[in-house]
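So the chains spell out like this:
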Amino acid sequence: MKGNQMRTPMSRVRGLGAAHTGTHHFWHQRVTSVAAIPLTIAAIIIVISLLGRSHAAVGQIIGSPIVAIIMLLFIINTVYHMWIGMQEIVIDYVHEDKLKLATLLGNTFFCFAIGFASAFAILKLSFGV
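First, a word on scope: everything that follows refers to the structure included in this document.

Conventions used here
Residues numbered from 1 in each chain as written. Predicted model: local features only at pLDDT ≥ 70, side-chain atom pairs only at ≥ 80, totals over all residues. Heavy atoms only, no water. Helix = DSSP H or I, 4+ residues; strand = E, 2+ residues; numbered from the N terminus. Contact = heavy atoms within 4.5 Å. Axes fitted to C-alpha atoms, helices over the stretch in contact; angles between N-to-C directions. Parallel < 35°, antiparallel > 145°, perpendicular 65-115°, else oblique. Nonpolar A, V, L, I, M, F, W, Y, C, P; charged D, E, K, R; others polar.

With that settled, consider the environment of Tyr80. Mapped onto the elements of the fold, Tyr80 is located in helix H4 (residues 65-93). Through-space distance from the C-alpha of Tyr80 to that of Thr32 is 7.8 Å; in sequence the pair is 48 residues apart. If near-sequence neighbours (up to four positions away) are discounted, Tyr80 is found in contact with His28 and Thr32.

The interhelical angle for the contact between helix H3 (residues 55-62) and helix H5 (residues 97-127), taken along N-to-C directions, is 100°, at an axis separation of 7 Å. Relative to H5, the element H3 lies roughly perpendicular. Contacts from His55, Val58, Gly59 and Ile62 of H3 reach H5 at Ile122, Leu125 and Ser126. Tallied by class, residues from the contact of H3 with H5 come to 4 nonpolar, 3 polar and no charged.

What follows concerns the environment of Lys100. Here Lys100 shows up in helix H5. Separated by 10 residues in the primary sequence, Lys100 and Val90 place their C-alpha atoms 6.6 Å from one another. Setting aside chain neighbours within four positions, we find Lys100 in contact with Val90, Ile91 and Val94.

Next comes the structure, spelled out in structure tokens:
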């Protein structure tokens, strides 16, 4: 039997079937997870080193190019990982189309807003207030 004959007539009419994009998000989620390990350790070390310091000292430490780059990479990686994860959860568990669309739009807006606000804060501290 050919692969097309295994499908029901309704699925052939609707064109439903494998989208051939299932592994895209899977691999991005895994890669961002692995990247998060050293970035999270570095971010925790940086934040601990900032505890109890004045605003000027924090600005000076974050103003260091390597520290600012590490923090920006941490933010970008974390927000992208969060966006993909929440998108997969919504796609899998929200079944009504309108609610799914609204939730996916809200997820995208929230992730971009958090990412831009966090990156702006790091860049503002890095380049001076």
